[in-house]
Amino acid sequence: METPDVRAVVTGITAEVLGVDQADLYSTTALTQLPTFSSFRIVEIVERVEEELDTEVEASELTPDNLSRLDTLIALFERTLRAGVPG
């Protein structure tokens with residue numbers, strides 16, 4: 001099975017859900033600074049990435065620190081996949 005490009009999946013879905021260009025995600029320090037960000041949208045992002053990567057993030061990992069920046073969101077899914085948590 002081919003290893004998914006976690007960065008590309010998370011970045012693509014995050015940009016799509018927030019309605020911004022991927023470049024905007026990399027130019028901001030926190031997703032919360034984007035005008036389209038909301039707690040509902042981060043839930044949608046997590047659910048869609050989980051579905052795309054066929055994994056499920058542990059509830060204890062869904063913290064503001066892990067969800068507020070693109071790099072920490074990517075790292076969250078990379079850890080989850082390494083742990084082998086099925087979706």
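What comes next is a walk through the structure. (Residues numbered from 1 in each chain as written. Predicted model: local features only at pLDDT ≥ 70, side-chain atom pairs only at ≥ 80, totals over all residues. Heavy atoms only, no water.)

**What about the overall build of the chain?**
Okay, so step 1: The number of helices and strands found in the chain is five helices and zero strands.
Okay, so step 2: Along the chain, helices (α) and strands (β) appear in the sequence α-α-α-α-α when read from the amino end.
Okay, so step 3: The C-alpha radius of gyration of the chain comes to 12 Å, within 12% of the 12 Å expected for a compact globule of 87 residues.
Okay, so step 4: Based on the C-alpha atoms only, the size of the chain along its principal axes is roughly 35 × 25 × 20 Å.
Okay, so step 5: For the chain, the proportion of its 87 residues judged to be buried stands at 38%.
Okay, so step 6: Counting every atom, the chain has about 5300 Å² of accessible surface; 49% of that belongs to carbon and sulfur.
Okay, so step 7: The chain carries 6 positive and 17 negative side-chain charges, and their two centres are separated by 6 Å. (Helix = DSSP H or I, 4+ residues; strand = E, 2+ residues; numbered from the N terminus. Rg over C-alpha atoms; globule rule 2.2 N^0.38 Å. Buried < 20%, exposed > 50% of the residue type's maximum accessible area, 1.4 Å probe, protein only. Areas by Shrake-Rupley, 256 points an atom, 1.4 Å probe, with all protein chains shown as cover. Lys, Arg positive; Asp, Glu negative; His and termini not counted. Charge placed at Lys NZ, Arg CZ, Asp CG, Glu CD.)

**Details of the nonpolar core**
Okay, so step 1: Among the nonpolar cores identified, the biggest contains 23 residues, and Val10, Leu25, Ile45, Val49, Leu73 and Phe77 are the most heavily contacted of them.
Okay, so step 2: Elements supplying a minimum of two residues to this core: helix H1 (6-18), helix H3 (39-53) and helix H5 (70-83).
Okay, so step 3: Filtering out sequence-adjacent residues up to four positions away, Val49 remains in contact with Val9, Val10, Ile13 and Phe77. (Core = buried A, V, L, I, M, F, W, Y, C linked by side-chain atoms within 4.5 Å. Contact = heavy atoms within 4.5 Å.)

**Digging into the pattern of salt bridges**
Okay, so step 1: Enumeration over the complete set of coordinates arrives at four salt bridges.
Okay, so step 2: Of the charged contacts, one joins Arg79 and Glu61 as a salt bridge, the two residues approaching to 3.1 Å between their closest N and O atoms. In this pair, Arg79 is assigned in helix H5 and Glu61 in the loop between H3 and helix H4 (64-67), connecting sequence segments 18 residues apart.
Okay, so step 3: By relative accessible area, Glu61 is classed as partly exposed at 28%. (Salt bridge = Lys/Arg side-chain N within 4 Å of Asp/Glu carboxyl O.)

**Structural notes on H1**
Okay, so step 1: With 13 residues, H1 ought to run about 18 Å at 1.5 Å a step, and its terminal C-alpha atoms sit 18 Å apart, in line with that.
Okay, so step 2: All of the buried residues in H1 are Val6, Val9, Val10, Thr11, Ile13, Thr14, Ala15, Val17 and Leu18.
Okay, so step 3: Looking at the packing, one finds that the buried side of H1 touches helix H2 (22-27), H3 and H5. (Expected span 1.5 Å × (residues − 1).)

**Notes on the packing of H1 against H3**
Okay, so step 1: Interhelical geometry of H1 versus H3 gives an angle of 140° and a closest axis separation of 9 Å. Helix-helix and strand crossings are classified by hand; for H1 and H3 the assignment is right-handed. Counted together, Val6, Val9, Val10, Ile13, Thr14, Glu16, Val17 and Leu18 of H1 and Arg41, Glu44, Ile45, Arg48, Val49, Glu52 and Leu53 of H3 form the full contact between these two elements.
Okay, so step 2: For the contact of H1 with H3, a count of residues per class yields nine nonpolar, one polar and five charged. (Axes fitted to C-alpha atoms, helices over the stretch in contact; angles between N-to-C directions. Left-handed = near helix turned anticlockwise from the far one by under 90°. Nonpolar A, V, L, I, M, F, W, Y, C, P; charged D, E, K, R; others polar.)

Nothing here speaks to function; it is geometry throughout.
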